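Report on the structure
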Amino acid sequence: MDLGAVTKYSALHAKPSGLILQYGTAGFRTKAEHLDHVMFRMGLLAALRSKQTKSTIGVMVTASHNPEEDNGVKLVDPLGEMLAPSWEEHATCLANAEEQDMQRVLIDISEKEAVNLQQDAFVVVGRDTRPSSEKLSQSVIDGVTVLGGEFHDYGLLTTPQLHYMVYCRNTGSRYGKATLEGYYQKLSKAFMELIKQASCSGDEYRSLKVDCANGIGALKLREMEHYFSQGLSVQLFNDGSKGKLNHLCGADFVKSHQKPPQGMEIKSNERCCSFDGDADRIVYYYHDADGHFHLIDGDKIATLISSFLKELLVEIGESLNIGVVQTAYANGSSTRYLEEVMKVPVYCTKTGVKHLHHKAQEFDIGVYFEANGHGTALFSTAVEMKIKQSEQLEEKKRKAAKMLENIIDLFNQAAGDAISDMLVIEAILALKGLTVQQWDALYTDLPNRQLKVQVADRRVISTTNAERQAVTPPGLQETINDLVKKYKLSRAFVRPSGTEDVVRVYAEADSQESADHLACEVSLAVFQLAGGIGERPQPGF
Ligand code: 16G
Ligand code: MG
């Protein structure tokens, strides 16, 4: 390691002194103007991680659904997964080191992780459409090269596309070709094969309106569209030509405001979906004949997907297991439906994709989705073996095995992916002959409300039981329990955000009014017991 060069180049990406940032749930995120040094240092760290794992590491420059002025960076581990936890700590240390301590911190990390510095390093870089992203990704590259690493700059990519590239490169292209062309072809081929088998593929299954959040999803979907246009026609809105990224549109806006995005004209019963700013989340929705808005979130997406996969497994007659992984935010109706009607085991993990992904790997088929629309399905080698053996099976079983094979190809198994999920959903709807209303009618969501509360230090709140219960501050959980008892079919929990300096409150109940009241009362309890600052939460918010 040429420490002299590191110091010299680091000075060109100097850290504003005193600035402290955390590697949060999905990497670093803050105002773009504070991130140049973080990018350079994440380039250094990615090179070290690559040397240690002897694999290609990915670096994605994006702030997802956050405002256009923000930016962020996250590292992608060899199998397309989120960075290992011990390296998240190194990332935080390195990002916060003052200039004069940089050398020491780098040496510390290398020693702790037994990095062979002579080893080659290879890092792939991708970025979203934010105005700040190009320059920031150049800073990442500077960091990689200072440590003698090589790189490939993919330029504009969705986050899941970068995960896909990393996965392909580290599996000797068995998974797919590590190019955009490879990604488009793999997914489109699987999609076209699947819908060939749909008996009812009338016009209503063939078109979809997509709100692209004025982000990278628009560019990439446009590039990809002609590969699958024989099977599905997509109409793009909020494609970045006019509006601002994530402003009044995108999956996060639609989910949290429970209303349609601006800039999209919706006729009754038309199927619509929204991506977020880096295209790793998707939610669906429609207007019914009375003009009412219906949201189909990640929970209902998981239900559609897991019930279809379970049917395929039954068809094949195999005892392979399937499990669904959710978080505390999953609507109570979805959990009940999955467990009681579909008889699929459901597990709850902490918020953040890495937790869900990890749990889902325990099953032959693990379907995981956050209510906010981030998710995918993972398949074990046992499933692949079964498909390979299916040649000897009778015709009907062979057909199911073939479908399963295409579904596996269509899912981005490296990460939740709005484009890939969209094609899976569209294929299932066509194969099952389901309209968007029929899908929505699988169960009725319990009315719910999410609020946030400002506190002096959100770390005073700690949780257990996959964030469903507060351990500290004392008395908070007991208060929540008492409040919940006042309402029917109710549930509430609080957790410190992993991405913002706030405490999040979630409540659901049998009516919207009750959910709103409960959320408000719980917010007040947080304010009083956990050191609230600023304005007290008010009824009516
Ligand atoms: C990040 C997570 C997302 C999670 C959200 C929670 C990834 C890739 N993204 O965006 O899964 O739902 O944080 O945010 O893990 P919060 O902690 O602020 O509620
Ligand atoms: Mg995102």
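Residues numbered from 1 in each chain as written. Chains lettered and ligands numbered in written order. Predicted model: local features only at pLDDT ≥ 70, side-chain atom pairs only at ≥ 80, totals over all residues. Heavy atoms only, no water.

1. Let's talk about the sheet that holds strand 18 (residues 491-496)
Read from one edge to the other, the open sheet built from three strands follows the order 15-19-18, with strand pairing classed as antiparallel. In this open sheet, the two edge strands, each paired with only one partner strand, are strand 15 (448-453) and strand 18. This sheet shows a mean twist of 15 degrees between the axes of neighbouring strands, independent of strand direction. Pairing of strand 15 with strand 19 (residues 503-508), which is carried by six bridges, proceeds in the antiparallel orientation. In the strand pairing of strand 19, Leu 451 is matched with Val 505. Set on the sheet, helix 18 (residues 512-529) makes contact with strand 15, strand 18 and strand 19; between it and strand 15 the angle comes to about 20 degrees. (Pairing = 2+ DSSP bridges. Helix = DSSP H or I, 4+ residues; strand = E, 2+ residues; numbered from the N terminus. Axes fitted to C-alpha atoms, helices over the stretch in contact; angles between N-to-C directions. Contact = heavy atoms within 4.5 Å.)

2. Describing the sheet that holds strand 7 (residues 233-237)
Strands sit in the order 7-6-8-9-10 across an open sheet of five strands; the sheet is mixed. Lying at the two open borders of the sheet, with one neighbouring strand each, are strand 7 and strand 10 (293-296). If you compare each strand with its neighbour and ignore which way they point, the axes differ by 30 degrees on average. Note that strand 6 (residues 207-211) and strand 7 share five bridges and pair parallel.

3. So, the packing of aromatic side chains
Applying the stated criterion across every chain, the model contains 15 aromatic pairs. Here the aromatic rings of Tyr 285 and Phe 293 are separated by 5.6 Å at their centres, their planes lie at 40 degrees, and the arrangement is tilted. Counting every residue linked through ring pairs, the aromatic cluster contains Tyr 164, Tyr 167, Tyr 175, Tyr 183, Tyr 184 and Tyr 227. Across from the ring centre of Tyr 443, 4.5 Å away, lies the NZ or CZ of Lys 300, which sits over that ring. (Phe/Tyr/Trp six-rings, centres within 6.5 Å; stacked < 30°, edge-to-face > 60°. Lys NZ or Arg CZ within 6 Å of the ring centre and 35° of its normal.)

4. Thoughts on the pattern of salt bridges
A full pass over the atoms with the stated rule returns 31 salt bridges. The salt bridge partner of Arg 281 is Asp 252, with a shortest N-O separation of 3.0 Å. One end of the pair, Arg 281, is in the loop between strand 8 (272-275) and strand 9 (282-287); the other, Asp 252, is in helix 9 (residues 251-257), and 29 residues separate them in sequence. The exposure class assigned to Arg 281 is buried, which follows from its relative accessible area of 11%. For Asp 252, a relative accessible area of 28% corresponds to the partly exposed category. As a salt-bridge pair, Arg 504 and Glu 500 come within 3.0 Å of each other at their nearest N and O atoms. Members of the salt-bridge network, linked through shared partners, are Lys 209, Lys 267 and Glu 270. (Salt bridge = Lys/Arg side-chain N within 4 Å of Asp/Glu carboxyl O. Buried < 20%, exposed > 50% of the residue type's maximum accessible area, 1.4 Å probe, protein only.)

5. Overview of the side chain of His 163
Within the fold, His 163 resides in helix 6 (residues 159-170). The residues touching His 163, leaving out its near neighbours within four places in the chain, are Lys 74, Val 76, Gly 80, Met 82, Ala 414 and Ala 415.

6. Thoughts on the site of ligand 1
Around ligand 1 sit 18 residues, and of these Glu 370, Ser 497, Gly 498, Thr 499 and Arg 504 come closest. In the environment of ligand 1, an oxygen atom lies 2.4 Å from a nitrogen or oxygen atom belonging to the side chain of Thr 499. For ligand 1, whose free accessible area comes to 460 Å², the fraction covered by protein is 93%. Among the residues forming the shell around ligand 1, the class breakdown is three nonpolar, nine polar and six charged. (Near = heavy atom within 4 Å. Polar contact = N/O pair within 3.5 Å; in protein donor to acceptor, adjacent residues only side chain to side chain. Areas by Shrake-Rupley, 256 points an atom, 1.4 Å probe, with all protein chains shown as cover. Nonpolar A, V, L, I, M, F, W, Y, C, P; charged D, E, K, R; others polar.)

7. Brief notes about the UniProt feature "binding site: substrate" (unreviewed entry) in the protein chain
As recorded in UniProt, the sites labelled "binding site: substrate" (unreviewed entry) are Glu 370, Ala 371, Asn 372, Arg 495, Pro 496, Ser 497, Gly 498, Thr 499 and Arg 504. Mapped onto the elements of the fold, Ala 371 is located in the loop between strand 13 (365-369) and strand 14 (375-379). Beyond its immediate stretch of four places on either side in the chain, Ala 371 contacts Lys 255, Asp 297, Gly 298, Asp 299, Tyr 329 and Ala 330. Residue position: Gly 498 is located in the loop between strand 18 and strand 19. Beyond its immediate chain neighbours, meaning those up to four positions away, Gly 498 contacts Gly 24, Thr 25 and Arg 458. (UniProt positions renumbered as here; feature names shortened; annotations may be inferred.)

8. So, the side chain of Arg 504
Relative to the helices and strands, Arg 504 resides in strand 19. Taking relative accessible area as the criterion, Arg 504 reaches 18% and is therefore assigned buried. Within the structure, the side chain of Arg 504 is placed 3.0 Å from the side chain of Glu 500, a separation counted as a polar contact. When sequence neighbours within four positions are dropped, the list of residues in contact with Arg 504 reads Tyr 329, Leu 451, Lys 452, Phe 493, Val 494, Arg 495, Ser 497 and Thr 499.

9. Considerations on helix 14 (residues 395-410)
Under the 1.5 Å per step criterion, the end-to-end length of helix 14 is 23 Å for 16 residues, consistent within 8% with the ideal 22 Å. Looking only at helix 14, the buried set comprises Ala 400, Ala 401, Met 403, Leu 404, Asn 406, Ile 407, Ile 408 and Leu 410. (Expected span 1.5 Å × (residues − 1).)

10. Describing the domain arrangement of the protein chain
With domains assigned, the protein chain is organised as domain 1 (3-156), domain 2 (182-296), domain 3 (298-413) and domain 4 (448-530). Relative to domain 3, the C-alpha centre of domain 2 lies at a distance of 22 Å. Listed as interface residues are 15 residues of domain 2 and, on the opposing side, 15 residues of domain 3. For the pair domain 2 and domain 3, the summed buried surface comes to about 1500 Å²; carbon and sulfur atoms form 61% of the total. (Domains from an automatic or database assignment. Buried area = accessible area lost by both parts, 1.4 Å probe.)

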